[in-house]
Amino acid sequence: MAVWALGINHTTAPLDLRGRFAFAIDQIAPTLQGLRQSLGGATRHPQVETAILSTCNRTEIYCAGQQTALDHTLDWLAQSGGVSPSLLRSHSYTLEEGLVARHAFRVASGLDSMVLGEAQILGQMKDAVRAAETAGALGTTLNQLFQRSFAVAKEVRTSTEIGAHSISMAAAAVRLAGQLFEDLTEIRILFVGAGEMIELAATHFAAKNPKGLAIANRTLERGEKLATRFGGEVMRLADLPDRLHEFDAVVSCTASSLPIIGLGAVERALKKRRHRPIFMVDLAVPRDIEPEVKALEDVYLYTVDDLASVVQTAQASRQAAVAQAEAIIDAGVQSFMHWMDQRSPTGGVVPLIQQINAQADEWRALEIARAKKMLAKGEDLDAVLEALSRGLTQKMLHGTLAELRAGDADTRAQTAQTVSRLFLRSQSKSGL
């Protein structure tokens, strides 16, 4: 079986393009059926295995079949998204064989995520596998690939600290917020802006399931996209001063040349909040929040420089965790490829195992038929059982004993070592 994958993610394709290839969970089954039919016609093998992983940050197609059909898979996906194959190719990545396993293992482990080490992707991958299984599109090969992905991800998370360290400005902001608020699920968060940094920050905070989330942006259309993605609301930037008091945390990053959150607005918000604390993060350069706000007693304001120092403290630990995770993934890839090789008709042992089992069944059937004839003639049961066991033993040992007697001395010595390892294993392990 050949294995291949095609995908786009947050590092290769812009948000609008990714949106063209986002499949809702209820779309997966019919989409997989259409893909399998298309690939079956292209490869002349209707039993192509397929699975689709579709999240906010990635859409990936995993396939297994008698022959690789990457170009056809790309053409099919381009058509489904209404774009040209050349455009999709310029923003996508294609993988084959061991590279597919390595990528799947890294995705499951959170090493390929926008938020390094985040756990949400593992659940999304499991959902994708269940959807493929329900649609009847998952076969032995892809099932093995994904089950091994889950096992590798579990080992990475239990054996390393890949998810325990701040790995970006946004992650550092979440960590600092967690030090101020006992339970992040009880806070309301306002994001000011709708660029990449806000998208990243919202991804981090949304993973903590806050009580409320809002996006304030000059352009409502772009703000609505982010708000919809994270299940929040959108508001006009002009409404921010009047609604600032509603939020426990504010994260701002716009391209404004002047501060958009002033000291007076924050003071009024604190008064309405009866001086309940506000956590504020200013990721903009130049500043979005007037620096004088930092002096207010009930405001905890952090700038991009403040967060940079938090990130630096986790750098060494993060690198060590990633190195450990990659080593675990390497071992997982080798194990999967070994499993694939075993199943290969040319170089694997599965066909040989099947032949040996078939031969043993034939011998067993012959001896059982012989024993039944002896019983029908009225022969003693003990004698029949003795003949049955002797006949099976002779048939199974005949080839081995013949090989031990054949060839020169060196050949016989090598054969003897192999036979001893195969037939006398229990005695050698027990010390007999």
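Residues numbered from 1 in each chain as written. Predicted model: local features only at pLDDT ≥ 70, side-chain atom pairs only at ≥ 80, totals over all residues. Heavy atoms only, no water.

## So, the nonpolar core
Considering soluble globular proteins, one finds that nonpolar side chains tend to be buried as a cluster.
Then comes step 1: Membership of the largest hydrophobic core comes to 66 residues, with the highest contact counts inside it found for Tyr62, Phe105, Leu145 and Phe146.
Then comes step 2: Excluding its chain neighbours within four sequence positions, the residues that come into contact with Phe105 are Leu145, Arg148, Ser149, Val152, Ile329, Gly332, Val333 and Phe336. (Core = buried A, V, L, I, M, F, W, Y, C linked by side-chain atoms within 4.5 Å. Buried < 20%, exposed > 50% of the residue type's maximum accessible area, 1.4 Å probe, protein only. Contact = heavy atoms within 4.5 Å.)

## Considering the layout of surface pockets
Then comes step 1: The volume enclosed by the second largest pocket comes to roughly 320 Å³.
Then comes step 2: In terms of lining, the second largest pocket is formed by ten residues, of which the most central are Ile356, Gln359, Trp363, Met396 and Thr400.
Then comes step 3: Elements represented by at least two residues in the lining of the second largest pocket include exactly helix H15 (350-376) and helix H16 (381-405).
Then comes step 4: Residues belonging to the lining of the second largest pocket are distributed by class as follows: six nonpolar, three polar and one charged. (1 Å grid on protein atoms, 1.4 Å probe; cavity = no way out; pocket = protein on both sides within 12 Å on 5 of 7 lines; lining within 4 Å. Points joined across faces, edges and corners; volume = space filled by probe spheres on them. Helix = DSSP H or I, 4+ residues; strand = E, 2+ residues; numbered from the N terminus. Nonpolar A, V, L, I, M, F, W, Y, C, P; charged D, E, K, R; others polar.)

## Side note on the pairing of strand E6 (residues 212-217)
Then comes step 1: Within E6, six of the six residues are buried, which leaves the element mostly enclosed by the surrounding structure.
Then comes step 2: What you see with E6 is no split at all: Gly212, Ala214 and Ala216 on one side and Leu213, Ile215 and Asn217 on the other are buried throughout.
Then comes step 3: Bridging between strand E5 (residues 188-192) and E6 involves five bridges; their strand directions are parallel. By the bridge assignment for E6, Ile189 is matched with Leu213.
Then comes step 4: Handedness of the β-α-β unit built from E5, helix H9 (residues 196-206) and E6 comes out right-handed.
Then comes step 5: Of the pairings in the sheet, the one linking E6 to strand E7 (residues 233-236) comprises four bridges and is parallel in character. What sits directly across from Ala216, in E7, is Met235.
Then comes step 6: Following the backbone out of E6, through helix H10 (residues 220-229) and into the adjacent parallel E7, one traces a crossover that is right-handed. (Pairing = 2+ DSSP bridges. Right-handed = clockwise from strand over helix to strand, strands pointing away.)

## Focus: the side chain of Asp112
Then comes step 1: Mapping Asp112 onto the fold places it in the loop between helix H5 (98-109) and helix H6 (120-134).
Then comes step 2: Of the polar contacts made by the side chain of Asp112, one reaches the side chain of Asn9; its length is 3.4 Å.
Then comes step 3: Other than its neighbours up to four places away in sequence, Asp112 contacts Asn9, His10, Arg58, His103, Arg106 and Val107. (Polar contact = N/O pair within 3.5 Å; in protein donor to acceptor, adjacent residues only side chain to side chain.)

## Examining the sheet that holds strand E8 (residues 249-252)
Across a sheet, paired strands are connected by hydrogen bonds in the backbone, their directions being either parallel or antiparallel.
Then comes step 1: With parallel pairing, six strands are arranged side by side in an open sheet as E7-E6-E5-E8-E9-E10. Two strands close off the open sheet at either side, each with one partner strand: E7 and strand E10 (299-303). Ignoring strand direction, the axes of neighbouring strands in this sheet form an average angle of 20°.
Then comes step 2: Pairing geometry for strand E9 (residues 278-282) and E10, over five bridges, is parallel. (Axes fitted to C-alpha atoms, helices over the stretch in contact; angles between N-to-C directions.)

## Remarks on empty space enclosed by the protein
Then comes step 1: Evaluation of the coordinates by the stated rule reveals one cavity of 30 Å³ or more.
Then comes step 2: Taken as a whole, the largest cavity holds about 30 Å³ of empty space.
Then comes step 3: Along its surface, the largest cavity is lined by Ala51, Ile52, Leu53, Tyr62, Met125, Ala128, Val129 and Phe146.
Then comes step 4: Of all the secondary structure elements, the ones that give two or more residues to the lining of the largest cavity are strand E2 (49-54) and H6.
Then comes step 5: For the lining of the largest cavity, the class distribution of residues is eight nonpolar, no polar and no charged.

## Some thoughts on the sheet that holds E2
Then comes step 1: The strand order across the open sheet formed by four strands is E2-E3-E1-E4, and the pairing between neighbours is antiparallel. Looking at which strands have only one partner, the edges of the open sheet turn out to be E2 and strand E4 (93-96). Taking each pair of neighbouring strands and ignoring which way they run, the sheet shows an average axis angle of 15°.
Then comes step 2: Bridge count between E2 and strand E3 (residues 58-65): six bridges; the pairing is antiparallel. By the bridge assignment, Ser54 is partnered in E3 with Thr59.
Then comes step 3: On top of the sheet, H5 reaches strand E1 (2-9), E2, E3 and E4; it is set at about 140° to E3, its chief contact.
Then comes step 4: Docked against the sheet, H6 engages E2 and E3, running at close to 145° with respect to E2.

## Quick notes on the packing of H5 against helix H7 (residues 140-159)
Then comes step 1: Relative orientation of the contacting elements H5 and H7 amounts to 45°, with a least axis distance of 8 Å. Looking at the two axes, H5 sits oblique to H7. The two elements H5 and H7 cross, and the hand of that crossing is right-handed. Here Val100, Ala101, Ala104, Phe105, Ala108 and Ser109 of H5 lie close against H7, whose contacting residues are Leu145, Arg148, Ser149, Val152, Ala153, Val156 and Arg157.
Then comes step 2: The residue inventory of the contact of H5 with H7, partitioned by class, reads nine nonpolar, two polar and two charged. (Parallel < 35°, antiparallel > 145°, perpendicular 65-115°, else oblique. Left-handed = near helix turned anticlockwise from the far one by under 90°.)

## So, the environment of Thr68
Then comes step 1: Tracing the backbone through its elements, the reader meets Thr68 in the loop between E3 and helix H3 (70-81).
Then comes step 2: Between the alpha carbons of Thr68 and Arg89 there is a distance of 17 Å; along the sequence they are 21 residues apart.
Then comes step 3: Non-local contacts of Thr68, meaning those with residues more than four positions away in its chain, are made with Ala2, Trp4, Glu96 and Glu97.

## Looking at the pattern of salt bridges
Then comes step 1: Per the stated rule, a full pass over the model turns up 19 salt bridges.
Then comes step 2: The salt bridge partner of Arg188 is Glu233, with a shortest N-O separation of 3.6 Å. A residue pair is termed long-range when its members are at least 10 positions apart, and Arg188 in strand E5 and Glu233 in strand E7 qualify at 45 residues.
Then comes step 3: Between Lys395 and Glu367 there is a salt bridge, with the nearest N and O atoms lying 2.5 Å from each other. Placement of Lys395 in helix H16 and of Glu367 in helix H15 is noted, with a sequence separation of 28 residues between them.
Then comes step 4: Looking at Glu367, the relative accessible area reads 3%, which means it is buried.
Then comes step 5: Residues participating in the shared-partner salt-bridge network are Arg58, Glu60, Arg106, Asp112 and Glu326. (Salt bridge = Lys/Arg side-chain N within 4 Å of Asp/Glu carboxyl O.)

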